[in-house]
Amino acid sequence: MVNRKWLYSLSLICVCLSVLGLDSDESYEGTSEASFKDAVVYDGTQRNNGSLPQENGIRKHRTTLPAPMFSRNNFSVWGILKKCIGLELSKITMPIVFNEPLSFLQRITEYMEHTYLINKACSLSDSIERMQVRAYTHPAFAVSAVASQWDRTGKPFNPLLGETYELTREDHGYRLISEQVSHHPPISAFHAESLVGDFVFHGSIYPKLKFWGKSVEAEPKGTITLELLKHGEVYTWTNPFCCVHNVILGKLWIEQYGTVEILNHSTGDKCVLNFKPCGMFGKELHRVEGYIQDKSKKKHCVIYGKWTECMWSVDPQTYEANKKAEKKGDSKKPKSQVSQYNDDADDMPEVQETVAMIPGSTLLWRISSRPQHSAKMYNFTNFAMSLNELEPGMQDLLAPTDCRLRPDIRAMENGDMDEASREKARLEEKQRSARKDRSKDEEEWSTRWFQSGTNPYTSSQDWLYTGGYFDRNYSELPVIY
């Protein structure tokens, strides 16, 4: 069993894991998402005089898109990409058929899908109870943005300079604002806050993309910060690398790899997660291994599993004993034949069945299934389906720079690819023209809701929210659409 003291740290890791991307329906064995939500102190139903909670005026969120995705079978990107090997893809215009109908600002909002995990951790006053529950909630939150990318091979639209996105979820007790603060390099800043002052979650992301012949690699530069105001705790981390294989030929598939360190700045405790690269024979595909250590570097807990399936925790001694037994068993098995390297496509390795649970382990989370029609809807989760929803009356509330109002994304969502392509080209030309005009007048671009500064916990360069967005004074915003 995991020591109670370290269950506390483990729970905060669960939160950080969901930001990397997993859709979880359980934070630990025997406890459902619904039971977590029921425990949240903030009750959105108490607003609106007892009516159903609303998100920007929406009472019930849609569970499908207006039109299914357009087939990519008859398109090839080789004509564009063959001259771009080793270059940064953010400066290359791609055919719209390879997009998905969301802006990158909406894509990073998917970090918030499992905010109920943070709310649960914040709601407990008893320190022992809080220790136990956080052991299960925080790692799930930190990995859940990674798994939302599973099978999501469409590229989100590059945000225009000055583009914004807001999301208010009274039922989950938070609101979020994001802004595209720089175009070259492309930097997206976001700030989310609890509606009752329990937490602040913020960061800035610079997705550096490179094309390597048959694959595209994304390095999501930037720091993610979670502040639990009620308990005086701060956590920071960065995201792993993401690679999309077979962008030219063969079936597209995704892997995540790299080391993620989640640091508790209040105690010095750290969680180190290793997202393993696939390897030549695919044995490590989707696997994650890691541990929690204190400031003296003593390991107190091991975390293992797959970011596409489930994650477990177990004490280090049990984990090491199990690994030794596995190696002993593997040495007696006949060696498998080495597969031939395929020059035409990087075939996705056959996915191993399930994560073998080590006796004595605690389940941190298990991935939830996507909607039945998800494959026809860009492999979106239910949460992603709702992000570009625009109901009557919302337009009067939103800032005119909100990406729900982007005509190219709206046209693609409605299945009109020709209109989407025309609008995308028009918006890009308008942005170039505006940049030339500013250059002529020697005018610097001025951000509206964020300013460049120093992250107070990591001392790294960051973009910090200056406030004021929800005052709804948008009279001086630029016309970017």
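Please refer to the structure higher up on the page.
The paragraphs below set out a description of the structure included in this document. (Residues numbered from 1 in each chain as written. Predicted model: local features only at pLDDT ≥ 70, side-chain atom pairs only at ≥ 80, totals over all residues. Heavy atoms only, no water.)

When helices and strands are counted, the protein chain shows eleven helices and 20 strands. Put simply, the protein chain has 481 residues, and 55% of those count as buried. The long-range fraction of contacts in the protein chain, counting pairs at least 24 apart against all pairs at least 6 apart in sequence, stands at 68%. Taken as a whole, the protein chain presents about 21,900 Å² of accessible surface, with 50% of it coming from carbon and sulfur. (Helix = DSSP H or I, 4+ residues; strand = E, 2+ residues; numbered from the N terminus. Buried < 20%, exposed > 50% of the residue type's maximum accessible area, 1.4 Å probe, protein only. Contact = heavy atoms within 4.5 Å. Areas by Shrake-Rupley, 256 points an atom, 1.4 Å probe, with all protein chains shown as cover.)

It is worth spelling out the environment of Val244 at this point. By the element assignment, Val244 lies in strand S12 (residues 241-245). Once the C-alpha coordinates of Val244 and Phe211 are considered, the two residues, 33 residues apart in sequence, prove to be 9.6 Å apart.

Spanning 24 residues, helix H11 (residues 417-440) covers 35 Å between terminal C-alpha atoms, matching the ideal 34 Å at 1.5 Å per step. Residues Met417, Ala420, Glu423, Lys424, Leu427, Gln431 and Arg438 constitute the buried set of H11. On the buried face of H11, the contacting elements are strand S3 (99-103), strand S4 (155-157) and helix H10 (407-413). Count one or two residues on from H11 and you reach Glu442, which has phi positive near 55°. (Expected span 1.5 Å × (residues − 1).)

Turning to unusual backbone geometry, a few remarks are in order. Residues His184 and Pro185 are joined by a peptide bond in cis, for which omega reads 0°. Considering the arrangement of structural elements, one finds Pro185 in the loop between strand S6 (174-182) and strand S7 (187-194). Even without being a glycine, His286 presents a positive backbone phi close to 70°. With respect to the helices and strands, the residue His286 is situated in the loop between strand S14 (270-275) and strand S15 (287-293). Even without being a glycine, Tyr378 presents a positive backbone phi close to 65°. With respect to the secondary-structure elements, Tyr378 resides in the loop between strand S18 (362-366) and helix H8 (382-386).

Counted under the stated rule, the structure contains twelve aromatic pairs. Aromatic side chains Trp449 and Tyr469 sit 5.3 Å apart centroid to centroid with 85° between the ring planes, which places their arrangement in the edge-to-face category. Of this pair, Trp449 sits in the loop between H11 and strand S19 (450-454) while Tyr469 sits in the segment after strand S20 (461-465), placing them 20 residues apart in sequence. The same class applies to Trp449 and to Tyr469, which are both buried. (Phe/Tyr/Trp six-rings, centres within 6.5 Å; stacked < 30°, edge-to-face > 60°.)

Turning next to the nonpolar core. Of all hydrophobic cores here, the largest spans 63 residues; its most connected members are Phe190, Phe199, Phe201, Trp237 and Leu273. Top contributing element to this core by residue count: strand S8 (residues 199-211), with four residues. Dropping the residues within four chain positions of it, Phe190 is found in contact with Ile108, Tyr111, Leu176, Ile177, Ser178, Phe201, His202, Gly203, Ser204, Ile205, Ile224 and Phe450. Among the nonpolar cores identified, the runner-up in size contains 13 residues, and Val181, Ala189, Trp463 and Leu477 belong to it. (Core = buried A, V, L, I, M, F, W, Y, C linked by side-chain atoms within 4.5 Å.)

Bringing the side chain of Ser386 into the picture now. Looking at the element boundaries, Ser386 is found in helix H8. Under the relative-accessibility criterion, Ser386 is labelled buried at 5%. Those residues within four positions of Ser386 in sequence are excluded, and the remaining contacts are His61 and Arg62.

Our focus in this paragraph is the pairing of S8. With eleven of its 13 residues buried, S8 lies for the most part within the structure. The pairing of S7 with S8 spans six bridges and is antiparallel. Looking at S8, one finds that Ser188 is bridged to Ile205. Between S7 and S8, which pair antiparallel in sequence order, lie four residues; one of them, Gly197, sits at a positive phi of approximately 80°. Note: S8 against strand S10 (residues 224-228), five bridges, orientation antiparallel. (Pairing = 2+ DSSP bridges.)

The next thing to look at is the side chain of Gln106. Position of Gln106 among the secondary structure elements: in helix H4 (residues 104-109). We classify Gln106 as buried; its relative accessible area is 0%. Here the side chain of Gln106 touches Ser103 through a polar contact of 2.7 Å, landing on its backbone nitrogen. With near-sequence residues (within four places) excluded, Gln106 lies in contact with Tyr165, Leu387, Asn388, Cys403, Arg404 and Ile409. (Polar contact = N/O pair within 3.5 Å; in protein donor to acceptor, adjacent residues only side chain to side chain.)

For the rest of this paragraph, the subject is helix H5 (residues 116-123). At 3.6 residues per turn, the α-helix brings residues three or four places apart onto the same side. Along H5, eight of the eight residues are buried, which leaves the element largely enclosed by surrounding structure. Here H5 has its buried residues at Tyr116, Leu117, Ile118, Asn119, Lys120, Ala121, Cys122 and Ser123.

Here the focus is the pattern of salt bridges. Taken as a whole, this structure holds 15 salt bridges when the rule is applied. In this structure, Glu100 and Arg107 form a salt bridge, with 2.9 Å as the shortest nitrogen-oxygen distance. The pair Glu100 / Arg107 is uniform in exposure class, with both members buried. Put simply, Arg62, Arg410 and Glu413 are held in one network by salt bridges that share partners. (Salt bridge = Lys/Arg side-chain N within 4 Å of Asp/Glu carboxyl O.)

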